[in-house]
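# Fold and contact review
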Amino acid sequence: MCKMATTKSFLILIFMILATTSSTSATLEDMVTILSIDGGGIKGIIPGVILEFLEGKLQEMDKNRDARLADYFDVIGGTSTGGLITAMITTPNENNRPFVAANEIVPFYFQHGPHIFNSSTGTFLGPSFDGKYLLQILQDNFGETRLHQALTEVVISSFDIKRNKPVIFTKSNLTNYPELNATMYDICYSTAAAPTVFPPHYFVTNTSNGDKYEFNLVDGAVATVGDPVPTLLSIQFLICFLLRHYFQNM
């Protein structure tokens, strides 16, 4: 399982590098660069390692140690822990730069993971973890920063269990759906609230008329968007099959 996850992450890295280079069919002005980050709880360490490598290489290419991933991608998205990482690298700090550099993602998981996934906080017939530490750490780090303040377009998925439909938090939808302009900590907890793992998340925003709009959200994987890069999975299995066939016939 770990080997598969590592292979998959490597393929994602290849995709991201290709997305940031020119091609024969499109100029740089025509391209839309997309960074898609998988879910998987504490396994967010895996994309964290890869994103650190990628950001470092981009800094080397441009000879700019202050360069960040949000400077290179038009869209950054993810589900569950991928949504959390998305927020970490796109939410602005007091200097209007990303809240964290990519090399701070893995330390975040090592520091807070044991407290987030503390089984003593769960209940016998309820979620495995109460989610209180996770929500608190998100509030402490993101404050009242809202979706419209993200430094690039983001796509973070969740699922409303009361309305029985997916909810996708993205800046481009705010004109038509201003109720989506939630705080980043509400969005992050919602996309991470996997059923049986964390409690669902309830919060309220305002519509364009000033009316209250209620959300009752859980992990976006419930809406079958737990893996934002399904195409890469197909590529992975195809490559594995071809390599196996090649070495068997050497």
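Fair warning: this is a prediction, and the values are worked out from it, not measured in the lab.

A separate point is the overall build of the protein chain. Looking only at helices and strands, the protein chain has seven helices and six strands in total. Counting from the amino terminus, helix and strand elements in the protein chain follow one another as α-β-α-β-α-α-α-β-β-α-β-β-α. By the burial criterion, 44% of the 250 residues in the protein chain qualify as buried. Sequence-distant contacts in the protein chain: of pairs separated by 6 or more residues, those separated by 24 or more amount to 67%. Accessible surface, the protein chain as shown: approximately 13500 Å² in total, 58% of it carbon and sulfur.

A separate point is the pattern of salt bridges. In total, this model carries four salt bridges according to the counting rule given. Put simply, Arg 97 and Asp 71 hold a salt bridge, and the shortest N to O gap is 2.8 Å. With Arg 97 in the loop between α3 (81-90) and α4 (105-116) and Asp 71 in the loop between α2 (45-62) and β2 (75-78), this residue pair connects regions lying 26 residues apart in the sequence. By relative accessible area, Asp 71 is classed as partly exposed at 43%. The shortest N-O distance in the salt bridge between Lys 162 and Glu 214 comes to 3.9 Å. A residue pair is termed long-range when its members are at least 10 positions apart, and Lys 162 in the loop between β3 (153-160) and β4 (165-170) and Glu 214 in strand β6 (residues 212-219) qualify at 52 residues. Looking at Glu 214, the relative accessible area reads 32%, which means it is partly exposed.

Bringing the packing of aromatic side chains into the picture now. As enumerated under the stated definition, the model contains nine aromatic pairs in all. Counting every residue linked through ring pairs, the aromatic cluster contains Phe 117, Phe 129, Tyr 189 and Phe 198. Over the aromatic face of Tyr 213 sits the side chain of Arg 163, whose NZ or CZ is 4.2 Å from the ring centroid.

Before going further, it helps to spend a moment on unusual backbone geometry. With a phi angle near 60°, Ser 80 is a residue other than glycine that sits in the positive phi range. By the secondary structure assignment, Ser 80 is in the loop between β2 and α3. With relative accessibility at 11%, the residue Ser 80 sits in the buried group. In the Ramachandran plot, Asn 96 falls in the positive-phi region, its phi being about 60° despite a non-glycine side chain. Locating Asn 96 in the fold gives a position in the loop between α3 and α4.

Cut-off values and rules
- Residues numbered from 1 in each chain as written.
- Predicted model: local features only at pLDDT ≥ 70, side-chain atom pairs only at ≥ 80, totals over all residues.
- Heavy atoms only, no water.
- Helix = DSSP H or I, 4+ residues; strand = E, 2+ residues; numbered from the N terminus.
- Buried < 20%, exposed > 50% of the residue type's maximum accessible area, 1.4 Å probe, protein only.
- Contact = heavy atoms within 4.5 Å.
- Areas by Shrake-Rupley, 256 points an atom, 1.4 Å probe, with all protein chains shown as cover.
- Salt bridge = Lys/Arg side-chain N within 4 Å of Asp/Glu carboxyl O.
- Phe/Tyr/Trp six-rings, centres within 6.5 Å; stacked < 30°, edge-to-face > 60°.
- Lys NZ or Arg CZ within 6 Å of the ring centre and 35° of its normal.

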